[in-house]
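# Survey of secondary and tertiary structure
So the chains spell out like this:
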Amino acid sequence: MTKISLSGLSGLRELPPLSLYIHFPWCVRKCPYCDFNSHEVKNGFDEDAYVAALLADLESALPAVWGRPVHTIFMGGGTPSLFSARAMDTLLAGIRARVRLYPDAEITMEANPGTFESDKFKGFREAGINRLSIGIQSFDPAHLKALGRIHHGDDARRAVDIALTHFDNVNLDLMYALPGQTLEQALTDMGTALSFGVTHVSAYHLTIEPNTLFARYLPPKLPDDELSADMQEALEARLTEAGFGHYETSAFARPGRECRHNLNYWQFGDYLGIGAGAHAKISAHDGIVREMRYKQPAAYLKAVAEGRPTQSRERIARADRPFEFMMNLLRLTDGFELRLFAERTGLPLTHIQRELAEAEAQGLIERDLTTLKPTLKGQRFLNDLLTLFLKEGE
């Protein structure tokens, strides 16, 4: 942890760890369930211009994080693996020249199975990327078609094989509660994923997000709540049997292979976000701020060229810090040390004693003198638990 004294200023005694998030906004095709900032590649894109913009964006942000080491990097999208290994090498070299990156920093890149080439991914590893997160979603051709994915089941298997040739730290994203999916099919997908010997699995319930194609045209034969709950319980049991720890709502890892970047998010750490639509949370001497970059790629490139990549910047009010903190920390199944509340929010724990007592009375959390964690009921009804912290006032 970076020991920078903030006593008497924002109430924070020291700054939390800092991560770097980099957004790549292009995809081959927009998936009908996706509400992320992603845009279909229609007439190609200039990867050199985008990498140059990312580095200029980072340089403009340096005064806000000056001197702070970067613990992790996460390249998300969109589809970062559309970029070449040469572009990634240029980007990472430029980052190392501008910030103090830990020698053992976790550097993750998201990848789509439809973009895998062995030599290309060998180049990604040589550039310094040391963790892959592959958006499999399913190995079943019918379910992949229903999700609008560009790859097939064989593509997914081949992608994992290539990934494990060059990387020893690989996450697979899987979805369940898919249109027409049975419990047996969900377990078959998980069994296939585990057969490769990967280090991390993220298992997500398909949700219908606003402003997506699925929200406009609801897919048929979605599993009901009871079947979805059965799937979740069965998948979690299967992962436990395979030696994976369930450390966050949707994340499972072999011991020591938890995603360090996402853990920093969930522990209310800081992250600088660069790239089209990227978000940031930065603690400073005068409080905690959130930022967002311009979302449309063309608008982002123009804004960076004009030296103003940040579209919005707002301070997190003291009254909102407890909810923001709990919205992240309560995703962790093992909970957190109580001291983190004061360290990351600048507020004393007594500030939320009434809310904690109510959550405990409802059986949603359990705590002792040093730690707090959601109960199984609290994990299942996380939104109800978080609601208790929504009306926190000064």
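What you are looking at is a predicted structure, and each value in this text was computed from that prediction instead of being measured. (Residues numbered from 1 in each chain as written. Predicted model: local features only at pLDDT ≥ 70, side-chain atom pairs only at ≥ 80, totals over all residues. Heavy atoms only, no water.)

### So, a nonpolar patch on the surface
Where nonpolar side chains cluster on the molecular surface, the patch consists of Ile208, Leu218 and Leu222 and spans about 240 Å² of accessible area. Mapped onto the fold, Leu218 is located in the loop between α7 (213–216) and α8 (225–241). (Patch = residues over 30% accessible without salt bridge, like charges linked within 9 Å, V, L, I, M, F, W, Y side chains within 5 Å. Areas by Shrake-Rupley, 256 points an atom, 1.4 Å probe, with all protein chains shown as cover. Salt bridge = Lys/Arg side-chain N within 4 Å of Asp/Glu carboxyl O. Helix = DSSP H or I, 4+ residues; strand = E, 2+ residues; numbered from the N terminus.)

### As for the side chain of His143
Note on placement: His143 falls in helix α4 (residues 141–146). Residue His143 is classed as buried on the basis of its relative accessible area of 4%. (Buried < 20%, exposed > 50% of the residue type's maximum accessible area, 1.4 Å probe, protein only.)

### Thoughts on the pairing of strand β7 (residues 170–176)
Counting buried positions along β7 gives seven out of seven residues, so the element sits mostly inside the fold. Burial along β7 is two-sided: the residues Val170, Leu172, Leu174 and Tyr176 and Asn171, Asp173 and Met175 are all buried. Where strand β6 (residues 131–137) and β7 come together, five bridges link them in parallel fashion. Directly across from Gln137, in β7, lies its bridge partner Leu174. Judged from the six bridges that link them, β7 and strand β8 (residues 200–205) form a sheet pairing that is parallel. When the bridges of β8 are listed, Leu174 appears paired with Ala203. (Pairing = 2+ DSSP bridges.)

### Quick word on the sheet that holds strand β15 (residues 336–337)
Judged by pairing direction, the sheet is antiparallel, and its three strands sit side by side in the order β15-β17-β16 without closing on themselves. With one partner strand each, in any of the chains shown, β15 and β16 (365–367) form the two edges of the open sheet. Contacts from helix α13 (residues 353–361) reach β16 and β17 (371–374), with the element oriented near 115° to β16. (Contact = heavy atoms within 4.5 Å. Axes fitted to C-alpha atoms, helices over the stretch in contact; angles between N-to-C directions.)

### A closer look at helix α3 (residues 118–127)
All of the buried residues along α3 are Lys120, Phe121, Gly123, Phe124 and Ala127. Summarising the axial view, the buried residues of α3 lie within an arc of 150°, below the 170-degree limit, and thus occupy one face. Facing away from the buried side of α3 by over 90 degrees, the exposed positions are Asp119 and Glu126. On the buried face of α3, the contacting elements are α2 (85–98), β5 (101–111), β6 and α5 (153–166). Downstream of α3 by a residue or two, Gly128 has a phi angle that is positive, lying close to 120°. (Arc of directions from axis to C-beta.)

### So, the packing of aromatic side chains
Using the criterion set out here, one finds 17 aromatic pairs in the structure. Between Phe45 and Phe83, the ring centres sit 4.9 Å apart and the planes meet at 35°, which makes this aromatic pair tilted. A residue pair is termed long-range when its members are at least 10 positions apart, and Phe45 in the loop between β3 (39–40) and α1 (47–65) and Phe83 in the loop between β4 (70–77) and α2 qualify at 38 residues. The class of Phe45 is partly exposed, set by a relative accessible area of 26%. For the pair Phe325 and Phe336, a centre-to-centre distance of 5.2 Å together with 85° between the ring planes defines the contact as edge-to-face. On the criterion of sequence distance, the pair formed by Phe325 in helix α11 (residues 321–329) and Phe336 in strand β15 is long-range, its members being 11 residues apart. (Phe/Tyr/Trp six-rings, centres within 6.5 Å; stacked < 30°, edge-to-face > 60°.)

### Details of the pattern of salt bridges
Any two side chains of opposite charge can pair if their charged atoms end up close together. Throughout the structure, instances matching the rule amount to 20 salt bridges. Salt-bridge contacts for Asp57 lead to Arg293; the nearest nitrogen and oxygen are separated by 3.0 Å. Placement of the pair is Asp57 in helix α1 and Arg293 in strand β13 (residues 287–293), with a sequence separation of 236 residues. Among the residues examined, Asp57 registers a relative accessible area of 0% and is labelled buried. The buried category is assigned to Arg293, whose relative accessible area is 1%. Here Lys302 ties to Glu306 by a salt bridge, and the two come within 2.7 Å at their closest N and O atoms. Of the residues examined, Lys302 reaches a relative accessible area of 46% and is grouped as partly exposed.

### Quick look at α11
Across the nine residues that make up α11, a large majority, seven, are buried. Every buried residue of α11 is listed here: Arg321, Pro322, Glu324, Phe325, Met326, Asn328 and Leu329. On its buried face, α11 sits against α9 (260–266), β13, β15, α12 (339–345), α13 and α15 (382–387).

### Digging into the environment of Glu248
Mapped onto the secondary structure, Glu248 falls in strand β9 (residues 245–248). Between the alpha carbons of Glu248 and Asp89 there is a distance of 31 Å; along the sequence they are 159 residues apart. Not counting chain neighbours up to four residues away, the residues in contact with Glu248 comprise Trp266, Arg331, Leu332 and Thr333. Among the polar contacts listed, one links the side chain of Glu248 to the side chain of Arg331, at a separation of 2.3 Å. (Polar contact = N/O pair within 3.5 Å; in protein donor to acceptor, adjacent residues only side chain to side chain.)

### Quick notes on the environment of Tyr33
Following the sequence through the fold, Tyr33 ends up in the loop between β2 (26–27) and β3. Counting along the chain gives 164 residues from Tyr33 to Gly197, while the straight-line C-alpha distance between them is 28 Å. Discounting chain neighbours no more than four positions away, the residues touching Tyr33 are Gln137, Leu147, Arg149, Met175, Leu206, Glu209, Thr212 and Phe214. Side-chain polar atoms of Tyr33 contact the side chain of Arg149, separated by 3.1 Å.

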